[in-house]
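Residues per chain are reported as follows:
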Amino acid sequence: AIDVTKTTFSSPLESINNVPITSLMRTYAKCTNLTHLPDDYKIPSQCTSTRLAFTNCENLVTLPDGFRIPNSVTETRQMFQYCSKLTGLPEGFAIPNSVTEAGRMFADCTSLVNIPSTLKLSENTTRVSQFFSDCVSLKTLSLTDCKACSWDTNSIVLISSISLPNVDKIYY
């Protein structure tokens, strides 16, 4: 197996042999030596799925300040699942309105401490079960404008501060 430690692309990488990149499914999965992404890393603008893109990148510590998910993406399920050394998300990190499925996006990110206030889930994002499941280090959570979110109760038990303004329903 190949284990990526550093990625270098002419950014943004939008296509390979003139074929648009529409999925990052498992692109970096199990790259255990990957500790960070380049500052200019961008998800391709025509990408619709980032499912499992960074799952099991257990040494990924940070995301670059400008890291964004483009409006073309509709699925982010398990995108960072088991990134056990990921400590936080950059300010400005958000999930676009186009995303409908985001379940287990940060599940088992056991070092994740804080979530930026810019993280919002729209009413389009209806599948978010276990979004922060087993994020045992999570201390603050402030989500806004989530109209119908389903949260695993194990995800929020250890949170010392929680703010959910404008949330119509929480299912647990």
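All of these numbers come straight from a predicted model, not from anything done at the bench.

What counts and how
Residues numbered from 1 in each chain as written. Predicted model: local features only at pLDDT ≥ 70, side-chain atom pairs only at ≥ 80, totals over all residues. Heavy atoms only, no water. Helix = DSSP H or I, 4+ residues; strand = E, 2+ residues; numbered from the N terminus. Buried < 20%, exposed > 50% of the residue type's maximum accessible area, 1.4 Å probe, protein only. Contact = heavy atoms within 4.5 Å. Disulfide = S-S within 2.5 Å. Salt bridge = Lys/Arg side-chain N within 4 Å of Asp/Glu carboxyl O. pLDDT = per-residue confidence, 0-100. Phe/Tyr/Trp six-rings, centres within 6.5 Å; stacked < 30°, edge-to-face > 60°.

## Digging into the overall build of the protein chain
For step 1, the next point in the chain: The helix and strand tally for the protein chain stands at 1 helix and 6 strands.
For step 2, the next point in the chain: Sequence-ordered secondary structure for the protein chain, helices as α and strands as β, is β-β-β-β-α-β-β.
For step 3, the next point in the chain: Counting only residues that meet the buried cut, the protein chain has 41% of its 172 residues in that class.
For step 4, the next point in the chain: Within the protein chain, counting contacts between residues at least 6 apart in sequence, those at least 24 apart form 69% of the total.

## Quick look at the environment of Phe-67
For step 1, the next point in the chain: With respect to the helices and strands, Phe-67 occurs in the loop between β2 (19-20) and β3 (140-142).
For step 2, the next point in the chain: Discounting residues that sit within four places of it in the chain, Phe-67 has contacts with Leu-37, Tyr-41, Ile-43, Met-79, Phe-80, Pro-90 and Phe-93.

## What to know about the state of the cysteines
For step 1, the next point in the chain: Applying the stated criterion across every chain, the model contains 0 disulfides.
For step 2, the next point in the chain: Of all cysteine sulfurs in the structure, the one in Cys-57 sits closest to Cys-83, which takes part in no disulfide; the separation is 5.2 Å.
For step 3, the next point in the chain: The class of Cys-83 is buried, set by a relative accessible area of 0%.

## Quick word on the pattern of salt bridges
For step 1, the next point in the chain: Taken as a whole and assessed by the stated rule, the structure comprises 5 salt bridges.
For step 2, the next point in the chain: Residues Arg-77 and Glu-101 are paired through a salt bridge, measuring 3.0 Å at the closest nitrogen-oxygen approach. Of this pair, Arg-77 sits in the loop between β2 and β3 while Glu-101 sits in the loop between β2 and β3; the two residues are 24 residues apart in sequence, bridging distant segments of the chain.
For step 3, the next point in the chain: The class for Arg-77 is partly exposed, based on a relative accessible area of 26%.
For step 4, the next point in the chain: The buried category is assigned to Glu-101, whose relative accessible area is 18%.
For step 5, the next point in the chain: The residue Arg-104 makes a salt bridge to Asp-108 at a minimum N-O spacing of 2.9 Å. Judged on exposure class, the residue Arg-104 and its partner Asp-108 are both buried.
For step 6, the next point in the chain: Here the residues in one salt-bridge network are Arg-51, Glu-75, Arg-77, Glu-101 and Arg-127, joined through shared partners.

## Side note on the confidence of the model for the protein chain
For step 1, the next point in the chain: Looking at the protein chain as a whole, the pLDDT averages 80, with 74% of positions reaching at least 70.
For step 2, the next point in the chain: By mean pLDDT, the top-scoring element of the protein chain is β2 (87), and the lowest-scoring one is helix α1 (residues 153-156) (44).
For step 3, the next point in the chain: Per-residue pLDDT stays below 50 along residues 150-161; that stretch engages in 29 contacts with residues further than four places along the chain or on separate chains.

## What to know about the packing of aromatic side chains
For step 1, the next point in the chain: All told, the structure shown has 12 aromatic pairs when counted by the stated rule.
For step 2, the next point in the chain: Ring geometry for Tyr-28 versus Tyr-41: centroids 6.1 Å apart, planes at 70 degrees, classification edge-to-face. Taken as a pair, Tyr-28 in the loop between β2 and β3 and Tyr-41 in the loop between β2 and β3 lie far apart in primary sequence, 13 residues in all. Each member of the pair Tyr-28 and Tyr-41 is classed as buried.
For step 3, the next point in the chain: Geometrically, the ring pair formed by Phe-80 and Phe-106 is stacked, given 5.5 Å between the ring centres and 5 degrees between the ring planes. Taken together, the positions of Phe-80 in the loop between β2 and β3 and Phe-106 in the loop between β2 and β3 put the pair 26 residues apart, joining distant regions of the chain. Summarising the burial analysis for this pair, Phe-80 and Phe-106 share the class buried.

## Side note on the environment of Gly-88
For step 1, the next point in the chain: On the secondary structure map, Gly-88 appears in the loop between β2 and β3.
For step 2, the next point in the chain: Put simply, Gly-88 and Ser-111 are 23 residues apart on the chain and 8.1 Å apart in space, counted from C-alpha to C-alpha.
For step 3, the next point in the chain: Beyond its immediate stretch of four places on either side in the chain, Gly-88 contacts Leu-112 and Asn-114.

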